[in-house]
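Close look at the chain arrangement
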Amino acid sequence: MKFIDSTHPQWHHVLGEDGPMPHPDPAPHLLLSLEQWHAVRDHWPAGLPTGVEVPNDYAIEDLAADLPRLALVALKFPKWVDGRAYSQARLLRARYRFAGEIRATGEVIVDMLPLLARCGFNTVQLRAGESQAAAERALGFFPAHYQGDVDHSQPLFARGAA
């Protein structure tokens, strides 16, 4: 799993004086709000690395047709106890076969890392005060899981492991 350094981001928001710019100009590595994406997607150049921030109450199937044009889907955890973004990530990977970057943002704490990885997240932006070293250790706590996940759909016994 890759950890995002918020002081040197590769992806950039497009902001105006009063918040997100309603109709941003095309550029690589823009992280657009869902509203911005809907406003520009019909004329956005193909092949331009583009990301979209998706709220956790959004029906992810409504984004399915746009997935081939997106390099990044950032899923927001408004509270660490609100797990709807886990389901969104699993749907993106398992049902829609999204191969791009799925990023966890918002109130992401170290305890969430193993499940984030199992659901299909491959990048994470930890909330302020969380330790990246502790997060990396958390990813190594369990060498294998009995149940299937997005990487191994079969349970452990069906994979021939002892």
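Structure: above.
All of these numbers come straight from a predicted model, not from anything done at the bench. (Residues numbered from 1 in each chain as written. Predicted model: local features only at pLDDT ≥ 70, side-chain atom pairs only at ≥ 80, totals over all residues. Heavy atoms only, no water.)

Moving on: the packing of aromatic side chains. Throughout the structure, instances matching the rule amount to two aromatic pairs. Considering the side-chain rings of phenylalanine 77 and phenylalanine 121, the 5.9 Å spacing of their centres and the 45° angle between planes classify their relative orientation as tilted. Note that phenylalanine 77 is positioned in strand 6 (residues 72–77) and phenylalanine 121 in the loop between helix 3 (113–119) and strand 8 (123–124), a separation of 44 residues in sequence. The residues phenylalanine 77 and phenylalanine 121 share a single accessibility class, namely buried. Each residue in the set Phe77, Tyr86 and Phe121 is aromatic and connected to the rest through ring pairs, giving one cluster. (Phe/Tyr/Trp six-rings, centres within 6.5 Å; stacked < 30°, edge-to-face > 60°. Helix = DSSP H or I, 4+ residues; strand = E, 2+ residues; numbered from the N terminus. Buried < 20%, exposed > 50% of the residue type's maximum accessible area, 1.4 Å probe, protein only.)

Ala134, Ala135 and Ala138 are the residues of helix 4 (residues 132–139) that are buried. Taken end-on, helix 4 shows its buried residues confined to a sector of 100°, consistent with a single buried face. The N-terminus of helix 4 is capped by serine 131, whose side-chain oxygen sits 3.3 Å from the backbone nitrogen of alanine 133. (Arc of directions from axis to C-beta. Polar contact = N/O pair within 3.5 Å; in protein donor to acceptor, adjacent residues only side chain to side chain.)

The next point concerns the side chain of arginine 93. Summarising the element assignment, arginine 93 is placed in helix 2 (residues 84–95). At a separation of 2.9 Å, a polar atom in the side chain of arginine 93 contacts the main-chain carbonyl oxygen of glycine 120. What arginine 93 contacts, discounting residues up to four positions off in sequence, is Phe98, Ala99, Gly100, Glu101, Ile102, Cys119, Gly120, Asn122 and Val150. (Contact = heavy atoms within 4.5 Å.)

We now examine the sheet that holds strand 7 (residues 101–106). Pairing is parallel in the open sheet, where six strands are placed in the order 1-8-7-6-5-4. Of all strands in the sheet, those with a lone pairing partner are strand 1 (2–3) and strand 4 (30–33), marking the two edges. By the bridge criterion, two bridges tie strand 7 to strand 8 in an arrangement that is parallel. What sits directly across from alanine 104, in strand 8, is valine 124. Lying on the sheet, helix 2 is in contact with strand 5 (50–54), strand 6 and strand 7; it crosses strand 6 at an angle near 160°. (Pairing = 2+ DSSP bridges. Axes fitted to C-alpha atoms, helices over the stretch in contact; angles between N-to-C directions.)

A word on the pattern of salt bridges. Scanning the model with the defined rule gives five salt bridges in all. One salt bridge in this structure joins arginine 84 and aspartate 82, with 2.8 Å as the shortest N-O distance. In this structure, the salt-bridge partner of glutamate 107 is arginine 127, at a minimum N-O distance of 2.9 Å. Taken together, the residues glutamate 107 in the loop between strand 7 and helix 3 and arginine 127 in the loop between strand 8 and helix 4 connect sequence positions 20 residues apart. Take arginine 127: its relative accessible area is 28%, and that puts it in the partly exposed class. Each of the salt bridges in this network shares a partner with another, and the network as a whole consists of Glu107, Arg127 and Glu130. (Salt bridge = Lys/Arg side-chain N within 4 Å of Asp/Glu carboxyl O.)

This paragraph deals with unusual backbone geometry. Residue histidine 29 is not a glycine yet carries a positive backbone phi of 60°. Position of histidine 29 among the secondary structure elements: in the loop between strand 3 (19–20) and strand 4. In this structure histidine 29 comes out as partly exposed when scored by relative accessible area, which is 24%. Even without glycine at this site, arginine 97 takes up a positive phi of about 55°. For arginine 97, a relative accessible area of 64% corresponds to the exposed category.

Geometric descriptors of this kind do not, in isolation, establish any biological role.
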